Amino acid sequence: GEDLTREQQEHILLAAEALVKEKLERDSSGHDWWHIYRVVQTTKRIAAQEGADTFVCELAALLHDVVDEKLNADPAAAQRELDAWLAASGTPAAAVDHVLEIISTMSFKGGARPPMRTLEGKVVQDADRLDAIGAVGISRVFAYSGWKGRPIHDPSVTAREHMTEAEYRAGNDTAINHFYEKLLKLKELMNTAYARQLADERHRFMEQYLGQFYAEWEGER
Ligand code: ADP
Ligand code: NI
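What you are looking at is a predicted structure, and each value in this text was computed from that prediction instead of being measured.

**Q** Any chance you could explain the overall build of the protein here in plain terms?
**A** Along its length, the protein carries 10 helices and zero strands. Shown N-terminal to C-terminal, the secondary structure of the protein runs as helices and strands in the order α-α-α-α-α-α-α-α-α-α. Here the C-alpha atoms of the protein give a radius of gyration of 19 Å, agreeing with the 17 Å that 2.2 N^0.38 yields for 221 residues. When its C-alpha atoms are laid out on the principal axes, the protein stretches across 60 × 35 × 30 Å. Taking contacts inside the protein between residues at least 6 apart in sequence as the whole, the part at least 24 apart equals 64%. Here the protein has roughly 11800 Å² of accessible surface; of this, 51% comes from carbon and sulfur atoms. Across the protein, the mean location of the 26 positive side-chain charges is 2 Å away from that of the 37 negative side-chain charges.

**Q** Would you mind showing me how to read the coordination of the nickel ion (ligand 2) here?
**A** Six octahedral donors around a metal ideally make angles of 90 or 180 degrees; four tetrahedral donors ideally make 109.5 degrees. At this site the nickel ion (ligand 2) is bound by His35 (NE2), His64 (NE2), Asp65 (OD) and Asp128 (OD), with donor distances of 2.1 to 2.6 Å. One chain supplies every donor for the nickel ion (ligand 2), spaced along it as H-x28-H-D-x62-D. Of this pair, aspartate 65 sits in the loop between helix H3 (54–63) and helix H4 (75–87) while aspartate 128 sits in helix H6 (residues 119–130), and the two are 63 residues apart along the sequence.

**Q** Can you help me understand the domain arrangement of the protein in this one?
**A** A common measure of how large an interface is: the accessible area buried when the components associate. Assigned domains within the protein: domain 1 (1–111) and domain 2 (132–221). For domain 1 versus domain 2, the distance between C-alpha centres works out to 27 Å. Domain 1 puts nine residues into the contact, and the matching count from domain 2 is nine residues. For the pair domain 1 and domain 2, the summed buried area comes to about 870 Å², and 59% of that belongs to carbon and sulfur atoms. Three residues stand out in domain 1 for area buried against domain 2, namely Arg38, Ile46 and Glu50, and they jointly supply 40% of the buried area on that side. Inspection of the region where domain 1 meets domain 2 yields zero salt bridges. The interface formed by domain 1 and domain 2 holds three residue pairs in polar contact (both at pLDDT 80 or more) in total. Residue composition of the side of domain 1 that touches domain 2, grouped by class: one nonpolar, five polar and three charged.

Procedures and definitions
Residues numbered from 1 in each chain as written. Chains lettered and ligands numbered in written order. Predicted model: local features only at pLDDT ≥ 70, side-chain atom pairs only at ≥ 80, totals over all residues. Heavy atoms only, no water. Helix = DSSP H or I, 4+ residues; strand = E, 2+ residues; numbered from the N terminus. Rg over C-alpha atoms; globule rule 2.2 N^0.38 Å. Contact = heavy atoms within 4.5 Å. Areas by Shrake-Rupley, 256 points an atom, 1.4 Å probe, with all protein chains shown as cover. Lys, Arg positive; Asp, Glu negative; His and termini not counted. Charge placed at Lys NZ, Arg CZ, Asp CG, Glu CD. Donors = N, O, S within 2.8 Å, 3.2 Å for Na, K, Ca; no water. Domains from an automatic or database assignment. Buried area = accessible area lost by both parts, 1.4 Å probe. Salt bridge = Lys/Arg side-chain N within 4 Å of Asp/Glu carboxyl O. Polar contact = N/O pair within 3.5 Å; in protein donor to acceptor, adjacent residues only side chain to side chain. Nonpolar A, V, L, I, M, F, W, Y, C, P; charged D, E, K, R; others polar.

Below you can see the structure in the form of structure tokens.
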């Protein structure tokens, strides 16, 4: 966004914020506006540390979930709406392309997920992943799990990797199991050094949480 003044950038970011708020108001899947808010806040912090383009980072962070298939009955239509909105937003074409590339890589489904090509993409992906770990991440697992009607914990449920595909699909999954399936692996997936630093503290907090959880479960603490 080097062609724009900071004032023009702020104007576009505010419009994007309004768009996202309007879209997520109708959502009930746990992708609420406050997830976007947190990802934007963390994005700004990492972008400053890593020397990334803050306008592209903030715009991508704001828009990163609007074409998600969990939020849209018709993701292709949502993508066309986003393309049209960006084209009319006053964002320079190069920044539009960059933001769209970040969003499509982040929401890539199936197979081998392509790595983020640019620093800005790495920053936004790190911020999104950071929101899945730590104290907030713990809250989100239980919120999602409850929404799905899954139990908190079941000691007889083995780790995901020891489940058959049929058992897993049958819903033999718990909130606690999701820590092993995904959350405890995210620290290693951080792209940037600064996000890795933030992830370390959040990771330790989850480990501490799980230790306390099992001790309480057995009446040991
Ligand atoms: P994103 O915001 O990146 O699209 P996801 O849609 O993958 O994230 O997940 C949203 C939140 O729901 C995350 O915090 C994640 O940990 C949680 N979640 C996703 N799948 C599960 C699951 N099987 N059990 C518990 N929590 C889950
Ligand atoms: Ni997200």
